[in-house]
Amino acid sequence: MYTVLVIDDSVSMRRVIKDLINQIDEFEVVDTAIDAYDAREKIKQLEPDLVTIDLNMPKMDGAVFLRNLMKLHPMPAVVISNESARGNDIFDDGAVGFIEKPSLGESLSSFGERIKDTLLNLTFLLKRYTLKKPKPQKQQSSLHIKTTTDNTLVERKIHPDEVLPSNPATFPGNKVIGIGSSTGGVESLLKVFQNLPSNLPPIIMTQHIPYGFSSSFAQRLNMNSQVEVCEATSGLILEKGHAYLAPGNMHLTIEKQGSNYVTKLLDTVKVSRHKPSVDMMFRSLNNTVGGGAMAVIMTGMGDDGTIGMKELYDNGAYTVAQDEQSCVVFGMPKQAIKAGAIKDICSLDEIAGYIVDFASGKRR
């Protein structure tokens, strides 16, 4: 049984959607919410498996709430709205489904069938989400959300030092490549991996992605590249020609065990407002590989990765940023450049070539 929270400002629509979902054997509506702020509290209290979101809501637009939800507490979300013109955009914001509200003259049974078809088609994803769903965490690790005057949801920014102390490698280790990305990163990483050969040093990746999607994204990368790509688990020995993607709800780090580098997942608080965090991955890369590493910061909003990238740069690692022209959002690369953490800047089309050049010793 999958639990659902219905978010809609209309009393009658909340009741209709709740009743129709409760008619589906596999689903149960545990509560309803009238707006984003009501929903925020109920998500923390109830930890539903799925939320439905209306776009046109008071106090905070549904799309804004969806984007904030995917940053702070990624989970499966289906938009139910009469604003069909915005239907395609919400998938970029992290939604897994869109259902148009009933048109004039449409029967409730027809609307119910559309809801049922959508939700049943998502059970494969919900099963994966609930199996990996984090257990209730201590207060310090819970969803730290507060409201600001501009109606955005924010959380306290936690520095990597609070979770993973900086202990830079004194001597350069064997080559390892780290890639960090966020908004626009899914398609950008696909483009990079389509042009990578198989004989590369190990690659570790952190992409800000809603929980439940990282496994399928790793499979998609694997199918479209000569590199063997997988979603990381703890204890994997890094191998040449392989790439390891951080799960959507865990920090990916690496540590040295004898002559090997081994993956280690950390289920802690968000760092630099993200989990997984690029800063956490880059810091562990610096602690283990140091000057032997290559770090690439790609398209994304915010500044996650800047701290770890600067530490790598200062330790002699080869650091690269995607240029503004080819970024969907020039946030993370911009902040790393401003911090003086970047050796080279290149376009998206050039990143694969820079990685190959690093692997062959032509760039460092």
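Here, the structure is the one placed above.
As the structure is a prediction and not an experimental result, all values here were calculated from the model.

Caption draft 1: Structural detail: the overall build of the protein. Helix and strand content of the protein: 12 helices and 16 strands. Taking 21 Å as the expected radius of gyration for a compact globule of 364 residues, we find that the protein reaches 21 Å, a close match to that expectation. If you line up the protein on its principal axes, its C-alpha atoms span 70 × 40 × 40 Å. Burial status across the protein gives 54% buried among its 364 residues. By sequence separation, contacts in the protein at least 24 residues apart represent 70% of the contacts at least 6 residues apart. Here the protein contributes 39 positively and 43 negatively charged side chains, and the mean placements of these two sets differ by 6 Å.

Caption draft 2: Representation of the pattern of salt bridges. Applying the stated criterion to the full structure yields 16 salt bridges. The closest approach of N and O atoms between D267 and K275, which form a salt bridge, is 2.5 Å. The exposure class of K275 is buried, given its relative accessible area of 15%. By sharing partners, the salt bridges in this structure join D8, D54 and K101 into a single network.

Caption draft 3: Inspection of the nonpolar core at higher detail. Ranked by internal contacts, the top residues of the largest apolar core, which has 30 residues, are I179, F193 and M205. When neighbours within four sequence positions are excluded, M205 is seen to be in contact with I179, L189, F193, L221, V229, A243, Y244, L245, A246, L252 and M281.

Caption draft 4: Here's a closer look at the sheet that holds strand β5 (residues 97-100). If you walk across this open sheet you meet the 5 strands as β2-β1-β3-β4-β5, and the pairing is parallel. The sheet is open, and its two borders are formed by β2 (27-33) and β5, each paired with just one other strand. Shown here is a sheet whose adjacent strand axes are inclined to one another by a mean of 25°, direction ignored. As paired strands, strand β3 (residues 50-53) and strand β4 (residues 77-81) are joined by 3 bridges and run parallel to one another. Following the sheet pairing, T52 is matched in β4 by V78. Contacts from helix α2 (residues 36-46) reach β1 (2-7), β2 and β3, with the element oriented near 140° to β2. Relative to β5, helix α5 (residues 108-120) is tilted by about 175°, and along the sheet it contacts β2, β3, β4 and β5.

Caption draft 5: Examining the packing of aromatic side chains more closely. The final tally for this structure, using the stated rule, is 2 aromatic pairs. With a centroid separation of 5.6 Å and 45° between ring planes, the pair formed by Y2 and F27 is classed as tilted. Taken together, the positions of Y2 in strand β1 and F27 in strand β2 put the pair 25 residues apart, joining distant regions of the chain. Each member of the pair, Y2 as well as F27, is classed as buried. Here Y318 and F358 contribute two aromatic rings whose centre-to-centre distance is 6.1 Å and whose plane-to-plane angle is 10°, an arrangement assigned as stacked. With Y318 in strand β15 (residues 318-322) and F358 in helix α12 (residues 348-359), this pair connects stretches of sequence that are 40 residues apart. Accessibility expressed as a relative area gives 4% for F358, which makes it buried. Just above the ring of F358 sits the side chain of K175; from NZ or CZ to the centre is 5.0 Å. Between R363 and the ring centre of Y354, over which it is positioned, the NZ or CZ distance is 3.7 Å.

Caption draft 6: Local environment of the layout of surface pockets. Of the voids in this model, the second largest pocket is the one considered here, and its volume is about 160 Å³. Contributing to the lining of the second largest pocket are N174, K175, P201, P202, L238, E239, K240, S259, N260 and Y261. Among the residues forming the lining of the second largest pocket, the class breakdown is 4 nonpolar, 3 polar and 3 charged.

Caption draft 7: Highlighting the sheet that holds β15. Pairing is parallel in the open sheet, where 7 strands are placed in the order β10-β11-β9-β8-β14-β15-β16. Each of the sheet's edge strands pairs with one partner strand only, and the pair in question is β10 (228-231) and β16 (344-346). Pairs of neighbouring strands in the sheet enclose a mean axial angle of 20°, with direction left out of account. As judged from the 3 bridges shared by strand β9 (residues 203-207) and strand β11 (residues 242-245), these two strands associate in the parallel manner. By the bridge assignment for β11, M205 is matched with L245. The sheet strands contacting helix α10 (residues 306-314) are β14 (293-297) and β15, and the helix crosses β14 at an angle near 145°. The sheet contacts of α12 involve β8 (176-181), β14, β15 and β16, and relative to β16 the element is tilted by about 135°.

Rules used in this analysis
Residues numbered from 1 in each chain as written. Predicted model: local features only at pLDDT ≥ 70, side-chain atom pairs only at ≥ 80, totals over all residues. Heavy atoms only, no water. Helix = DSSP H or I, 4+ residues; strand = E, 2+ residues; numbered from the N terminus. Rg over C-alpha atoms; globule rule 2.2 N^0.38 Å. Buried < 20%, exposed > 50% of the residue type's maximum accessible area, 1.4 Å probe, protein only. Contact = heavy atoms within 4.5 Å. Lys, Arg positive; Asp, Glu negative; His and termini not counted. Charge placed at Lys NZ, Arg CZ, Asp CG, Glu CD. Salt bridge = Lys/Arg side-chain N within 4 Å of Asp/Glu carboxyl O. Core = buried A, V, L, I, M, F, W, Y, C linked by side-chain atoms within 4.5 Å. Pairing = 2+ DSSP bridges. Axes fitted to C-alpha atoms, helices over the stretch in contact; angles between N-to-C directions. Phe/Tyr/Trp six-rings, centres within 6.5 Å; stacked < 30°, edge-to-face > 60°. Lys NZ or Arg CZ within 6 Å of the ring centre and 35° of its normal. 1 Å grid on protein atoms, 1.4 Å probe; cavity = no way out; pocket = protein on both sides within 12 Å on 5 of 7 lines; lining within 4 Å. Points joined across faces, edges and corners; volume = space filled by probe spheres on them. Nonpolar A, V, L, I, M, F, W, Y, C, P; charged D, E, K, R; others polar.

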